[in-house]
Amino acid sequence: MSLDLEIEGLTKRFGETTAVDNLSLTVPAGQLLTLLGPSGCGKTTTLRMVAGLETPDSGRIRLGTQDITELPAYRRGLGMVFQSYALFPHMSVFENVAYGLKNRGLAASEVARRVEAALQRVGLGGLGARPPHTLSGGQQQRVAVARALVLEPPLLLFDEPLSNLDAKLRRSVRAELRALQQELGITALYVTHDQEEALALSDLIAVMNAGRLQQLGTPEEVYRYPANPFVASFIGISSMLSAQAEPREGGVWAHLGGVRLPAFAPKPFGGTALLAVRPEDVRLGEGELLGRVRHVSYLGERLEVHLESPWGPLLAYQPPQARPAPGQEVPFHISWAAAYPA
Ligand code: ATP
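Reading guide: rules and limits
- Residues numbered from 1 in each chain as written.
- Predicted model: local features only at pLDDT ≥ 70, side-chain atom pairs only at ≥ 80, totals over all residues.
- Heavy atoms only, no water.
- Phe/Tyr/Trp six-rings, centres within 6.5 Å; stacked < 30°, edge-to-face > 60°.
- Helix = DSSP H or I, 4+ residues; strand = E, 2+ residues; numbered from the N terminus.
- Lys NZ or Arg CZ within 6 Å of the ring centre and 35° of its normal.
- Pairing = 2+ DSSP bridges.
- Axes fitted to C-alpha atoms, helices over the stretch in contact; angles between N-to-C directions.
- Salt bridge = Lys/Arg side-chain N within 4 Å of Asp/Glu carboxyl O.
- UniProt positions renumbered as here; feature names shortened; annotations may be inferred.
- Near = heavy atom within 4 Å.
- Polar contact = N/O pair within 3.5 Å; in protein donor to acceptor, adjacent residues only side chain to side chain.
- Areas by Shrake-Rupley, 256 points an atom, 1.4 Å probe, with all protein chains shown as cover.
- Nonpolar A, V, L, I, M, F, W, Y, C, P; charged D, E, K, R; others polar.
- Buried < 20%, exposed > 50% of the residue type's maximum accessible area, 1.4 Å probe, protein only.
- Contact = heavy atoms within 4.5 Å.

### Brief notes about the packing of aromatic side chains
Here the structure, examined in full by the defined rule, presents 6 aromatic pairs. Seen from their ring centres, Phe88 and Tyr99 are 4.8 Å apart, and the 50° between their planes marks the pair as tilted. Highlighted residues: Phe88 in the loop between β6 (79-81) and α2 (93-102) and Tyr99 in helix α2, separated in sequence by 11 residues. Judged by centre distance (5.5 Å) and plane angle (85°), the rings of Tyr225 and Trp336 are edge-to-face. With Tyr225 in the loop between α7 (219-224) and α8 (229-234) and Trp336 in the loop between β18 (329-334) and β19 (338-341), the pair connects residues that are 111 residues apart, well separated along the chain. Through pairs of rings, three or more aromatic residues link up here, namely Tyr225, Phe264 and Trp336. The ring of Trp253 carries the charged tip of Arg248 above its face, separated from the ring centre by 5.5 Å. The positively charged end of Arg302 is found above the aromatic ring belonging to Tyr317, 3.9 Å away from the centroid.

In structure tokens form, the structure reads like this:
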């Protein structure tokens, strides 16, 4: 059975550093919420407080109907998966997964049945007798997941579980993890600094910086409607142009020279603005704005075109067929942008 997790006003200081600053959020039952942010923003400290490995200075943590703020880690019954798989090297895969169950006084046949089911779930059926070091990194991480799942925890905690895998494997394991989490309908709190991983995996993303929550939303919301320039530049790629803003219903008119285009803004405002523009929202070869090509990178499925414009440098993605030359002046059109007071 999965439960919802509620964090309210959580704060943790280490000396002068406020690692987590008055953080509040809810992970609905059965959903996966990712804490995303740069190194040192307080993600791991938050996860460790939920796990019971760190004591908050203030705030509450609730799981289902139970306030677990004061509960010792071992009584929270949560599943954890770490970056370093933390498998016992001298035990077989089976023994690693069975470890937590054995302390629960179950019959050996019941332990064997549950362990084999958990290994099947993560695609490692029949590998129970192997020592962990004979498995690939991806397989070892799946053992760690099976070990967490076998206890049927109400909440799973993931601390950068894919960081030790190479880029290709990371993609396939993350798709498997997401499928498994959805199949089981288990509530999960996931920590990463990798924005692509967060977008691909999550029901909800909590973007953090310097201990503070910057935005909480679905992957689409934080990507399409970033709450501030930090979120706009941390998730995906944004060029930041300087523009003038004029308030309008639901956002602003952004003025670039004599051209006026509608832009999203968290709140309508007027005056000097920062305009965040995604490279996929810039169309080259047509439009009312003019830039000069500085540099073109060929990436196989697309070109990255670096432009110089009167409002600042601008990155545009282009299909590889139409390759502009450095120095060339090109018209361009911006189909979507987000504006913030500068
Ligand atoms: P990373 O991705 O690098 O792990 P993070 O977002 O998980 O970063 P935290 O590990 O939560 O960040 O750290 C947040 C802040 O708290 C940092 O400034 C860190 O140096 C500090 N910090 C964390 N743990 C301790 C500790 N035990 N003692 C002192 N300072 C700590």
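### A few points about the sheet that holds strand β8 (residues 187-192)
Strand order in this open sheet of 6 strands is β6-β7-β8-β3-β9-β10, and the pairing throughout is mixed. With one partner strand each, in any of the chains shown, β6 and β10 (212-217) form the two edges of the open sheet. Averaged over all pairs of adjacent strands, the angle between strand axes in this sheet comes to 15°, irrespective of strand direction. The pairing of β6 with strand β7 (residues 155-159) spans 3 bridges and is classified as parallel.

### Points about the pattern of salt bridges
For the structure on display, the rule yields 22 salt bridges. Here Glu110 ties to Arg114 by a salt bridge, and the two come within 3.1 Å at their closest N and O atoms. Highlighted residues: Glu110 and Arg114, both in helix α3 (residues 108-121), separated by 4 residues, approximately one helical turn.

### Considering the UniProt feature "domain: ABC transporter" (unreviewed entry) in the protein chain
The UniProt entry lists residues 5-235 under the feature "domain: ABC transporter" (unreviewed entry), expressed in the numbering used here. Helix makes up 36% of residues 5-235 and strand 26%, and the two end C-alpha atoms of the span are 25 Å apart.

### Notes on the site of the ligand
Inspection of the region around the ligand gives Phe14, Thr17, Ala19, Pro38, Ser39, Gly40, Cys41, Gly42, Lys43, Thr44, Thr45 and Glu160 as its neighbouring residues. At a separation of 2.7 Å, an oxygen atom of the ligand approaches a polar backbone atom of Gly40. The separation between an oxygen atom of the ligand and a polar side-chain atom of Thr45 is 2.5 Å. Protein chains bury 57% of the 630 Å² of accessible surface belonging to the ligand in isolation. Among the elements of the structure, β2 (17-27) and α1 (43-51) are those that each provide at least two residues to the shell around the ligand. Ranked by the residues each element gives to the shell around the ligand, the list is headed by α1, at 3 residues. Taken together, the residues that form the shell around the ligand break down as 4 nonpolar, 6 polar and 2 charged.

### Considerations on the side chain of Glu304
One can find Glu304 in strand β16 (residues 303-309). The buried category is assigned to Glu304, whose relative accessible area is 15%. Separated by 3.5 Å, the side chains of Glu304 and Arg302 make a polar contact. If near-sequence neighbours (up to four positions away) are discounted, Glu304 is found in contact with His295, Val296, Ser297, Leu299, Leu315, Ala316 and Tyr317.

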